[in-house]
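Report on the structure
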Amino acid sequence: MYDSGKILTGLLIFALLLTFPVWYHLGRATPPPEPDLNTPVIAGLAKKECIEPAEYMRAYHMELLKTWRERAVRSGEKTYVSRDGREYPMSLEDTCLKCHSNKSRFCDQCHNYLGVQPNCWNCHVVPEEGGR
Amino acid sequence: MQMDRRTFLKMGGLGLLGLMAAPVIDVLLRSEPARGAGTSSGTAAARWALVVDMKKCWESGGSACQDCILACHRAHNVPDIPDPQEQVRWIWKEPFEHAFPEQRGRAESLAGKPFLVLCNHCSDPPCVRVCPTRATFKRKDGIVMMDYHRCIGCRYCMAACPYGARSFNFRDPRPYLSTANPAYPTRERGVVEKCNFCAERLADGLPPACVEACRYGALVFGDLEDPRSPVREILRTRFTICRKPELGTRPNVYYVVG
């Protein structure tokens, strides 16, 4: 083989570059997200539960919000009835953010961890986060 | 399995009959879904309309009064961008010749007078017809709504609107907001926006922000299909005009000029 030295070095460099993400992050595990539920409104709740069971919210909150947005904006509906019969206004501001007023310590935790960038906040106003 | 021809044909015929019956049974069994559930708390109407009493506006408010404009723009987080080419406006003042160009030179007493203009919430809205994503649509109560989630910023609606009632966000509007109303979202760069007849306030049973803000009662809002509504009262007793009626868009904003 001609120029085997150059080729092998090149291959080695290429392989290193290709696996860069793997070895760069070796031993530097990103801590798992810890969404913070400690807000004054949640602390004041008698029964600490979201509008639907937590497992459902964890997996499907984006689907829920998508249907809310269609129903509230396009069908003019206002009230969401949860599966156990409780009623909530279909509004990010009036329902979700009333309790989860700590975007950076709640929403962003998982979103950043998973590298998703929901565009909610381009328009919806993030509530002010006081020093708690 | 043995089957003679006769039985086979009978079974086949029955099967076909069954297939034809299925859609009929489907229609018969379908129950009407509950309509309007969850909208009970707000004010409902068949066709919202606004009457702008310009006479009252000129006589009582004068040219300095901006109450309705400020109230609207504050309530909906409309940015105040100084560059006239990039301005965002939901309700503003326009000289008579611009608001009613077909009447130019015909009504001397109105020449140059400022008219309050906004989205006309047309009964036959051209903007709705051209929107490729149905981001703008007509609600059952007559409001021409924007779903900013769907707007792709193509601006067909702006080209279609004969009243110039729509504004495009050429830049992020947030830096141009002096006070943000956290209860109402802002817009982002690249979407079109316009007056929504305060659909969010109507849902809570409140009148539109501009109507509420006018100290002189020059703005009257109500349901055109309701014979006892205040707008019908004015349309019955006063002479009113609409913008560009010749285009057949059938606006739902009326003007009293004398």
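Residues numbered from 1 in each chain as written. Chains lettered and ligands numbered in written order. Predicted model: local features only at pLDDT ≥ 70, side-chain atom pairs only at ≥ 80, totals over all residues.

1. Focus: the overall build of chain A
- Scanning chain A from N- to C-terminus turns up six helices and two strands.
- Going residue by residue from the N terminus, the α and β elements of chain A occur as α-α-α-α-β-β-α-α.
- What you see for chain A is a C-alpha radius of gyration of 23 Å, clearly larger than the 14 Å of a compact globule of 132 residues, by over 25%.
- Taken along the three principal axes of its C-alpha coordinates, chain A extends 75 × 35 × 30 Å.
- Per-residue burial over chain A gives 10% buried out of 132 residues. (Helix = DSSP H or I, 4+ residues; strand = E, 2+ residues; numbered from the N terminus. Rg over C-alpha atoms; globule rule 2.2 N^0.38 Å. Buried ≥ 20, exposed ≤ 12 C-beta atoms within 10 Å, placed from the backbone.)

2. Overview of the overall build of chain B
- Counting its regular elements, chain B contains nine helices and ten strands.
- In summary, chain B has a C-alpha radius of gyration of 25 Å against a globular reference of 18 Å for 258 residues, an excess of more than 25%.
- A principal-axis box enclosing the C-alpha atoms of chain B has dimensions of 95 × 45 × 40 Å.
- Sequence separation of 24 or more characterises 64% of the internal contacts of chain B that already satisfy a separation of 6 or more. (Contact = placed C-beta atoms within 7 Å.)

3. Some details on the sheet that holds strand β9 (residues 240-241) of chain B
Residue and element names in this part refer to chain B.
- One open sheet holds the four strands; their spatial order is β8-β1-β10-β9, and the pairing between them is mixed. Two strands lie at the open edges of the sheet, namely β8 (219-223) and β9, each paired on one side alone.
- Sheet topology places strand β1 (residues 48-53) next to strand β10 (residues 253-256); four bridges connect them, and they run parallel. Pairing of Leu50 across the sheet is with Val253, part of β10.
- Sitting on the sheet, helix α2 (residues 54-61) is in contact with β1 and β10, with an inclination near 45° to β1. (Pairing = 2+ DSSP bridges. Axes fitted to C-alpha atoms, helices over the stretch in contact; angles between N-to-C directions.)

4. Concerning the interface of chain B and chain A
- The partner chain A presents 13 residues to the 17 residues of chain B that form the contact.
- A class-by-class count of the residues in the side of chain B that touches chain A yields seven nonpolar, six polar and four charged. (Nonpolar A, V, L, I, M, F, W, Y, C, P; charged D, E, K, R; others polar.)

5. Points about the nonpolar core
All names here are of chain B.
- Ranked by size, the top nonpolar core spans 55 residues in total, and within it Val51, Val52, Ile91, Leu116, Leu118, Cys210 and Leu219 carry the most contacts.
- Put simply, the parts of the chain that give this core at least two residues each are β1, α2, α3 (67-75), β3 (114-118), β5 (144-146), α8 (209-213), β8 and β10.
- Residue contributions to this core peak at five residues, all from β1.
- Setting aside chain neighbours within four positions, we find Leu118 in contact with Trp90, Ile91, Ala165, Cys195 and Val253. (Core = buried A, V, L, I, M, F, W, Y, C linked by C-beta atoms within 7 Å.)

6. A few points about the environment of Tyr80 of chain A
All names here are of chain A.
- Residue position: Tyr80 is located in strand β1 (residues 79-81).
- Spatially, the C-alpha atom of Tyr80 lies 21 Å from that of Val125, the residues being 45 residues apart in sequence.
- Other than its neighbours up to four places away in sequence, Tyr80 contacts Trp68, Tyr88 and Met90.

7. Quick notes on the confidence of the model for chain B
Residue and element names in this part refer to chain B.
- Averaged over every residue, the pLDDT of chain B is 91; the share at 70 or more is 95%.
- The low-confidence segment residues 33-40 (pLDDT under 50) makes seven contacts with residues lying over four places distant or belonging to another chain.
- Scored as a whole, the predicted complex attains pTM 0.79, and scored at its interfaces, ipTM 0.77. (pLDDT = per-residue confidence, 0-100.)

8. A closer look at α3 of chain B
Residues and elements named next belong to chain B.
- Within the sequence span of α3, burial applies to Cys68, Cys72, His73 and Ala75. An end-on view of α3 places all buried positions within 165° of arc, on one side of the element.
- Asn77 occupies a position one or two residues after α3 and carries a positive phi of about 55°. (Arc of directions from axis to C-beta.)

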